[in-house]
Structures are given as C-alpha cells and as structure tokens.
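A structural walkthrough
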Amino acid sequence: MKTLVKRFAQSKMFWPLIALICIIIINLILIPGFFDIKIYNGHLFGSPIDILNRMTPLLIISLGMTLVIAKEGIDISVGSVLAISATTAATLIQSHSIFIALLAAIGVGVLCGIWNGVLVAYIGVNPMVGTLILMTVGRGIAQLISNGQIITVHSKAYHFIGAGYLLGFPFSVFVAVVCFILLYFLMRKTAMGLFLEAVGGNQTSSRFAGINVKKIMFIVYVVSGICAAIAGILISSNVNSADANNAGLWIELDAILAVVIGGTSMSGGRFYLGGTVVAALFIQTITTTIYTMGIPPETVMVAKAVIVIIVCLLQSNAFREMFMRKKAVEV
Amino acid sequence: MDTTTILKAAGVSKFFPGVKALSKVNFTLRRGEIHALMGENGAGKSTLIKVMTGVQKPNEGTILFNDKRISPKTPQEAQNIGISTVYQEINLCPNISVAENIFIGRLPKKNGKIDWNTMNEQAKQILERLHIQIDVSRLVSSYSIAIQQMIAIARAVDMSSGVLILDEPTSSLDSREVQELFKIMRKLKNEGMAIIFVSHFLKQVFEISDRMTVLRNGLLVGEYKTSELTQTQLVAKMVGGTSVTSEELPNKRRKPRVMEGQTFLKTNGLEKHGSIEAFDLAIRTGEVIGIAGLLGSGRTEMAKLIFGIDQADQGNITIDNNMMTLMYPRKAIKNGIAFCPEDRKVEGVVEDLTIRENIVLALQAKRGYFSYMPLKKQCQLAQKYIDLLKIKTPSMEQKIGNLSGGNQQKVILARWLTTNPKLLILDEPTRGIDIGAKGEIRRIILSLAAEGMTILLISSELEELVRCCDRVVILRDRSLIGQLEGDGITETKIMKLIGEGGVKAANEDIG
C-alpha cells in the first residue's frame, strides 16, 4: 500500500491532480453553491458541468499538442487552424448539409496539418517558425472565407454538437472522450506511441533503429491539425457563430501549458495523455473560478499567471529538492 | 614529503547513497611525470578526478597541492589553483572562434574593449607551443575532432600551473593523431608539467606513462612504475578477484576459416561523394569480415551506405540476388541487415526509454505500426536477451541511461539480435567500455560467428580484427585499397597496408 502511494506520488499525474484538487477545495470554500448540480429538463446544469463543457476545445487541442511536443516540436498555429475550420463549417452549413460542412471543416484541418508537417518534417523548418507561418496567415485565410464578417449559424443540428445534451451531459464531452480514446488507442495499442517516444528521446538513434522519423513528425502535425479543426467545430457550434478574428485566440498558449503541466517535457520523449486531460481541466477550472469570483477581467491574466507559476514550481524536482533541503536543515 | 610531489590525495573517501565510490584512497602526482590512472568502469577513476577538481566534495581525506591543503568547490576554483582538466567530451563552444575559445572568460581587453589582435596573436602562440598551426580566427566547428581536442588541451595547458588531467583523450583519435598527442604530452612533461592520463587503451598507457595507480571497486590497489609491470599483470590487478586469465579474455586467436559459401551481399560501385569512393565488396554467408582503416578513412561511411542511413549517389547493392539501388534502414532490416553504430550515445540508445523498449525498438520498426507486440511478448524478448547477454540490471524497466557503457552496448546488441539478422554490422563494438565487458562482447561476437551469423566488424583495434576475422578489407583515404585473408591477417600487415597503401603493397606483402 505504502509503495503504491509512493509510486503514485512520483507519477507525472500527481502534481497536476493535487493542483486540481486544491483549486476545487478553494472553490468549495469561497464560492457557495459552486458544486450545485441541478437537473433541468433531463439535463445537468451547474458550474462543474459548465467547466466540462467549456474545456472540451482546449482539451482536444491539448491532446494533439501533447503528441507534437513529445516529438520535441511545437504547433502554435492551432488557434488559427481552429478559426479556419470554424469559418469553413459555418459558411458551408448555410448552403450545404451538415455532413459536408463537418467533413470540409475537418478536411481543412488535415490540409493545415499537412502544410505544417511538410514544412517541419520534410523541409526541415524549425517547428516554431514553421507553424508561425500558418498562425499569422491562418486568421487571414479565415477572414477570406468569412468575408470579414462574423458568420451566424442557424442550423439546429450543428448547434447540437457544441451545445446539445446527451444522457444528461453536454454532447461536446462525448466528442472529447471519443477523441481521447481514439488517440490513446493509436498511441498505446499500436507501435506509434513507442516510436514517438523514441523519436522524441533521440532522433538519430531512432533512425538507426529503422524508424521513419520524418513520417512520425508528419503524422503528429496532421493529428494536431485535425484536433484543432474539431475544436473549431465545437467552439463555433457552441455560440452559433464563427468569428475569424477571435475564435480560439491564444488557445495555443493554454494548450502548451496544459501539456507541460500534464507532465510532458518540452524537450520531447515521454508523453502523458492522461496528465494533459487533468491539466486542461485544471486550467479551465481556474479560468471559471476567476470569473465567478468576480475578479476584474483586467487582472484575470495576472491571477492565472501566478497560479501557473506555482504549479510549475511544484512540479520542478529542483525546486522541491531546494525546499526539502531547507526543511531538513531546519530540523 | 619529497619536493617533487605537486598533488597529493590522502585517505580520500566519497560515498554515494548505497555505494562507496572511493574509500581511503591515496594518490601522489609528481612534477614532470605522466601518471596513468587505471581501473575498470566503476573503479573510482572518475570520482577521484572529480574530487580533485572540485566537481564533487570528498566525505573524508585531504588533498594537498604543493603541500598546501586545498578544497576546491568548483572546477573553476581548481583551475585557479592550477589544476586543468580536459574531459572526454570536448568542452569547446563550436560556434565561436578558436582564439575566443582559448580565452573564454579571460578575454584580453584594451580601453574596456576586447583586444582582438592581442587575443589572436596570443592564441596562435599558445597553439604553436604545441606545434599546432591553424587559423585561430576560424570557428572551432570547422576543425576535426582531433584538432578540437588539441585546442582544448592547449587551453588547459595555458591555464594550468603544474597539473593537467586528460580524461580519455584518445578515444576519438586515430593512431596517427594519438602519436601527435603523445609528442605534445612528452614535451609538456619535459617542461615539468605533471599529467594524469586516463585511458582504456592498455597499449597507449604502457607507451606513454611513467607510473600508474590502479583502483578497483573504490579501493587503491597500488602504485607501480610502468617499466616494472607487464600488461597481463596490470589486467590482473585491475580485475582482481574475478581473475581473468588470458583464455577468458579472448586473447587466443581464432582459427580463420576460408569461406566458400554463397555471396550474401554484394555492392557494385557503391559511392557517395565526399564520404566514400566507389567500392565493390562481396560478403559471403557466414564469414566474419573486418574493416580496417584510420579514423575518417571511410569505414563508418561504408557501413552507413550498406545500411541505408546515407543514400548512395551511385552504384547498387545486391542482397540474395535482389538488386537494389535505394536503401533505407527499414528496408535493410527487412533484408536481414543489422547495424550497431559507432557512437552509442548519439546513434544507439534512447536514454529516456527503458531497457525493454530499447531492445524491442528495431524489431517493432521491422514489424511496422500495426502489428504492435503485446507487452507480454516484449517482456519475454527482453528477458531472453538480458539473460543471454548477461546484461546487469535490477529490472528491464530501468532507464537505459542508468546502465554502464558495456551494458548499454549489450542492450543495443540485443536490439539487433531480436531482428534475427543474417548480416550483423558492428561498428567499434568495444570502444569506450571496460576490459571485462570488452572481453564479454568479443566472446559474444565469436559465438555468434560460430553459430553461422555473417558479421561485418569495424574496429580501430587491430588485435580485435586479427582475433576475430576470416578476412579483413583495408580502407585508406575513403577508398578500399586491399584485403587480407586467412592466416595472412596480422597486425603488421594491416598496419603496413594502412600506412603504405595500394594493392601493390598488399600483394608484395602477401607474396
């Protein structure tokens, strides 16, 4: 039992989970009724459900980002890809069936992923620079698609994806769960995960072992593109509109943060999809908490930054050692 | 204490959790001597050096420099006292000039600005003292590893006042470069410098050192005059209790066989510009074929072309009568080729992954994405090879980075044996690992050969080639210049071919 606890304390999930529990306890004390879940019309309502619903786009993008970062890369274009996919879907749904709209939205995600993948994997552009191109150009493309307007969507079926309910839970949660299961299956039930961790750990060794390094790199960028596209569909259908300028703005930063807090190292190698899920939940909970507590919007970012710094420090072995040594000396 | 002593460690101990890395070790270094520090991996050589250079603090004991007690806390402090160290991995900044590297941290200044002219002039002088004539304003990265090593030594010599520590300085040098280095070391010695020399190459140690101190398992075995010790005696002292007789260390030469089997692999004019000239090489099934040549002669490049790490500009490879022009690693693996690369750290292990994962990597790459081996099968495979190759580890779920060099090499060997190769290419399989592991790996190679595996062995150690091979091909200046077969394989003949070159020389020699 003791070793089990100890092993858990050393696992990558431990600190993000502790952070999440802390923030939940703070909510419990400071915000009365935070955990009241009401059933209305057969649907669950309340802050926790709201958090679950709102975190799905971030979660899905973070999952894709986890893979990219595992390969020592980074994809900062996800926010723009999200905007392109949102505007594509919203534009097409005016005149076409929902399936065509969804297929096209995911299609542009694949295209964007291919673009990034070719640049980074096959041409050898630095991942930060390579995806920066699409990050800047992407919003422009989204504006072209939407003619610079905020597109309003009237399709009820489309609205269901981001705002509907199934078995009492928001439908988007199911989308996220399916994404997680698919990626988990791809990573742990095929050799993809092993190859990715090998390539992220040591690219040269992996090539000598017969792994097609470029192909792995290419695949993770395409997966990241698809994840961003799905997030775009969720966001635009939730609010019934697609805003080329503001949909998913800065979401790439939250996603990178979620990956790092979740225990995956920026220098690649081992990755933790489960850790990413907990971290995304944590980030969304903070955001919601800060808003609920009535902290003025100007200071939201600061409050978030402080919390994030604390979590990152807690996670750092060097910092914890410093702290513990100090304690040991005092004793 | 006699006046010639410059550095002395008395009763030094260093404990790590669970390990006594050093216990009560004495060490004396005198002016104007080259003192070899000998021992297997884990004997405490590096710990002793680290303690003396301020990288680690000893738990007990004293260190005296010129009879004064010192306790350096950082390498910088040790440097200021007068103890300079050149590590195995070169500690230069590749992206700045040679002169800047030599003066880094102490750039000469004039009116508050860096005095470039003085710096370049002085750097040139420092290098000329060691007979190195290069353009000091060029970037360090534009010079070969050997020259970089010399630059690092020049910097250390310039900053030292009396003591120079060279930790495995020869491991990336070829024999000519080693001689250059030795010339410099002798010159410094005659000027009164005291040099500590650490090396795995016994021959080099006997050639250059005046005295040696042998450590084993953190204990001092003794200090000896090199002239009073034979190689066999030294090995016995290094391995001690587990006494390795010359039979266990495969010293005895294996009887070379004349192979008449089928040709397994044949290259036809395979060439890559700037790395290796067109070569024709036929490898017969079941033979052990060696490649000899100096560093940079194209040995590794040859193997990389065959395995498809680098793509050839011209020529083709025929394996089992299938002709191929494009080769890449996975294709090579599927055709039964395996390749243990030279640089274990960069090209071999994936440090983050466990031993199990490192072992199954190549086999999984051969099988592709979708026929992922179940964990149970992976464990079985890993366990099989951990037992077979006697890999020392508490668990297969250990990170491979925690293993010693020799055991890491065995894991890489295991990785390739899982693929059931027909041709195993080994590039310097015993470089940089201790004597015990070296012997074990050679034994493994020989037993694989005895079981009928075809092996292509690249090695800088001629005795290794002579002991193991049925046939040796010789490379010089990026082209294949000759071969020796059967009983004609001797160290002198190989050296002669490498030195004089040309098929003619080979024929004269054989005839």
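The paragraphs below set out a description of the structure included in this document. (Residues numbered from 1 in each chain as written. Chains lettered and ligands numbered in written order. Predicted model: local features only at pLDDT ≥ 70, side-chain atom pairs only at ≥ 80, totals over all residues. Heavy atoms only, no water.)

1. Points about the overall build of chain B
Threshold: Only DSSP runs of H or I with at least four residues qualify as helices, and only runs of E with at least two residues qualify as strands; both kinds are numbered from the N terminus onward. Restricting the calculation to C-alpha atoms gives the radius of gyration, and the globule rule supplies 2.2 Å times the number of residues raised to the power 0.38. Relative accessible area decides the class of each residue, using a 1.4 Å probe on protein chains only: under 20% of the type maximum gives buried, over 50% gives exposed, and in between gives partly exposed.
Helix and strand counts for chain B come out as 18 helices and 22 strands. Against the 2.2 N^0.38 benchmark of 24 Å for 511 residues, chain B shows a C-alpha radius of gyration of 24 Å, consistent with a compact globule. Considered along the principal axes of its C-alpha atoms, chain B spans approximately 70 × 50 × 50 Å. When each of the 511 residues of chain B is scored for burial, the buried share is 55%.

2. Focus on the interface of chain B and chain A
What counts is decided by this rule: By definition in these notes, contact holds between two residues if any of their heavy atoms fall within 4.5 Å. By convention in these notes, a salt bridge is any Lys or Arg side-chain nitrogen within 4 Å of a carboxyl oxygen on Asp or Glu. Any pair of nitrogen or oxygen atoms within 3.5 Å is treated as a polar contact; in protein, a donor-acceptor pairing is required on top of that, and neighbouring residues in sequence qualify only through side-chain atoms on both sides. All amino acids are sorted into three groups, where Ala, Val, Leu, Ile, Met, Phe, Trp, Tyr, Cys and Pro are nonpolar, Asp, Glu, Lys and Arg are charged, and the leftover types, Gly among them, are polar.
The partner chain A presents 25 residues to the 29 residues of chain B that form the contact. For the interface between chain B and chain A, the tally reads 1 salt bridge. The partner of Glu357(B) in a salt bridge is Arg270(A), and the shortest N-O contact between them spans 2.5 Å. The tally of links between chain B and chain A comes to 10 residue pairs in polar contact (both at pLDDT 80 or more). Put simply, the parts of the chain that give the side of chain B that touches chain A at least two residues each are helix H9 (299-307), helix H10 (329-334), helix H11 (344-348), helix H12 (355-367) and helix H14 (405-417) of chain B. If you tally residues by element for the side of chain B that touches chain A, the top one is H12(B), at 6 residues. Of the residues that constitute the side of chain B that touches chain A, the class distribution is 18 nonpolar, 4 polar and 7 charged.

3. Comments concerning the nonpolar core
We count it as follows: In these notes, a set of buried Ala, Val, Leu, Ile, Met, Phe, Trp, Tyr and Cys residues joined through side-chain atoms within 4.5 Å is what counts as a nonpolar core.
Within the largest apolar cluster, 172 residues are counted, with the highest numbers of intra-cluster contacts made by Leu424(B), Ile455(B) and Ile494(B). Top element by residues in this core is helix H11 (residues 213-239) of chain A. It accounts for 12 residues. The residues touching Leu424(B), leaving out its near neighbours within four places in the chain, are Ala338(B), Leu413(B), Trp416(B), Leu417(B), Leu448(B), Met453(B), Thr454(B), Ile455(B) and Leu456(B). Ala99(B), Ala123(B), Leu127(B) and Ile435(B) belong to the second largest nonpolar core, which has 50 residues in total.

4. Quick look at the sheet that holds strand E11 (residues 211-216) of chain B
Residue and element names in this part refer to chain B. Formally: DSSP bridges decide pairing: two strands pair if at least two such bridges lie between them. All axes are obtained by fitting lines to C-alpha atoms, using only the stretch in contact for helices, and the reported angles, taken between N-to-C directions, cover 0 to 180 degrees.
Taken in spatial order, the 6 strands of this open sheet run E6-E9-E10-E3-E11-E12, and their pairing is mixed. Across the chains shown, the open sheet's two edge strands, defined by having one partner strand only, are strand E6 (83-86) and strand E12 (219-225). Mean inter-strand twist for the sheet, computed between neighbouring axes without regard to direction, equals 20 degrees. Sitting on the sheet, helix H1 (residues 45-52) touches strand E3 (34-38), E6, strand E9 (163-167), strand E10 (194-198) and E11, and the angle it makes with E3 is about 130 degrees. The strands that helix H6 (residues 175-190) touches are E3, E9 and E10; relative to E10, the one it contacts most, it runs at about 150 degrees.

5. What to know about a nonpolar patch on the surface
The condition that has to hold: Residues enter patches when they are more than 30% accessible in relative terms and free of salt bridges; like-charged ones are connected within 9 Å and nonpolar ones (Val, Leu, Ile, Met, Phe, Trp, Tyr) within 5 Å. Per-residue and other accessible areas follow the Shrake-Rupley method at a 1.4 Å probe size, with only the shown protein chains counted as cover for residues.
Residues Ile21(A), Ile24(A), Ile25(A), Ile26(A), Leu28(A), Ile29(A), Leu30(A), Phe35(A) and Met293(A) make up a contiguous nonpolar surface patch of about 800 Å² in total accessible area. Inspection of the secondary structure puts Met293(A) in the loop between helix H13 (273-292) and helix H14 (297-315).

6. Focus: the packing of helix H12 (residues 251-261) of chain A against H14(A)
Residues and elements named next belong to chain A. What counts is decided by this rule: An angle below 35 degrees is treated as roughly parallel, one above 145 as roughly antiparallel, one from 65 to 115 as roughly perpendicular, and anything else as oblique. When the near helix sits turned anticlockwise from the far one by under a right angle, the crossing is termed left-handed; a clockwise turn instead gives a right-handed crossing.
Contact geometry of H12 with H14 gives a least axis separation of 11 Å together with a crossing angle of 25 degrees. Classified by the angle their axes make, H12 and H14 are roughly parallel. Crossing hand, H12 versus H14: left-handed. When H12 is examined against H14, the residues Asp-254, Leu-257, Val-260 and Ile-261 are found in contact with a partner set consisting of Lys-304, Val-308, Val-311 and Gln-315. The class makeup of the residues in the contact of H12 with H14 is 5 nonpolar, 1 polar and 2 charged.

7. Some words on the pairing of E10(B)
All names here are of chain B. As a reminder, the rule being used: Crossovers are marked right-handed if the path from the first strand over the helix to the second runs clockwise, as seen with the strands pointing away from the viewer.
The buried count for E10 comes to 5 of 5 residues, which makes it a mostly enclosed element. Residues of E10 alternate between two faces, with Ala-194, Ile-196 and Val-198 on one and Ile-195 and Phe-197 on the opposite face, all of them buried. The sheet contact formed by E3 and E10 spans 3 bridges and is parallel. Note that in E10 the partner of Ala-36 across the bridge is Phe-197. Inspection of the sheet shows E9 paired to E10 by 5 bridges, in the parallel sense. Within the sheet, the bridge partner assigned to Asp-167 lies in E10 and is Val-198. For the segment spanning E9, H6 and E10, crossover handedness is right-handed.

8. Quick notes on the packing of aromatic side chains
Applicable threshold: Here a Phe, Tyr or Trp ring, Trp counted by its six-membered ring, pairs with any other such ring whose centre lies within 6.5 Å, and the pair is stacked when the planes are under 30 degrees apart, edge-to-face when over 60, and tilted otherwise. Working rule: Lys NZ or Arg CZ, within 6 Å of ring centre, within 35 degrees of ring normal, means a charge sits over the ring.
Counted by the stated rule, this structure contains 10 aromatic pairs over all chains. Between the aromatic rings of Phe208(A) and Phe339(B), the centroid separation amounts to 5.7 Å while the plane-to-plane angle is 35 degrees, which identifies the pairing as tilted. Taken as a pair, Phe208(A) in helix H10 (residues 203-208) and Phe339(B) in strand E18 (residues 337-340) lie in two separate chains rather than in one. The exposure classification of Phe208(A) matches that of Phe339(B), with both residues buried. The ring of Phe271(A) has Arg188(A) sitting right over it, with the charged end atom 4.6 Å from the ring centre. Positioned above the aromatic ring of Tyr143(B) is the side chain of Arg138(B), whose terminal nitrogen or guanidinium carbon lies 5.1 Å from the ring centre.

9. Remarks on H9(B)
An α-helix turns once every 3.6 residues. As a result, residues three or four positions apart point the same way. All names here are of chain B. Taken across its 9 residues, H9 has 8 buried, putting it largely inside the fold. Among all positions in H9, only Arg-299, Thr-300, Met-302, Ala-303, Lys-304, Leu-305, Ile-306 and Phe-307 are buried. In the stretch just after H9, Gly-308 is the one whose phi turns positive, near 85 degrees.

10. Notes on the sheet that holds strand E21 (residues 471-476) of chain B
All names here are of chain B. Judged by pairing direction, the sheet is mixed, and its 6 strands sit side by side in the order E18-E19-E20-E15-E21-E22 without closing on themselves. Two strands bound the open sheet, and with one partner strand each, they are E18 and strand E22 (479-485). Within this sheet the neighbouring strands show an average axis-to-axis angle of 20 degrees, counted without direction. Strand contacts of H9: strand E15 (288-292), E18, strand E19 (423-427), strand E20 (454-458), E21 and E22, with the helix running at about 145 degrees to E18, the strand carrying the most contacts. The strands touched by H14 are E18 and E19; relative to E18, the strand with the most contacts, the crossing angle is about 170 degrees.

11. As for the packing of helix H8 (residues 171-188) of chain A against helix H9 (residues 192-201) of chain A
All names here are of chain A. With their axes 5 Å apart at the nearest point, H8 and H9 run at an angle of 75 degrees to one another. In terms of their interaxial angle, H8 and H9 are classed as roughly perpendicular. Packed against H8, whose contacting residues are Leu-186, Met-187 and Arg-188, the element H9 presents Met-192, Gly-193, Leu-194, Leu-196 and Glu-197 at the interface. A class-by-class count of the residues in the contact of H8 with H9 yields 5 nonpolar, 1 polar and 2 charged.

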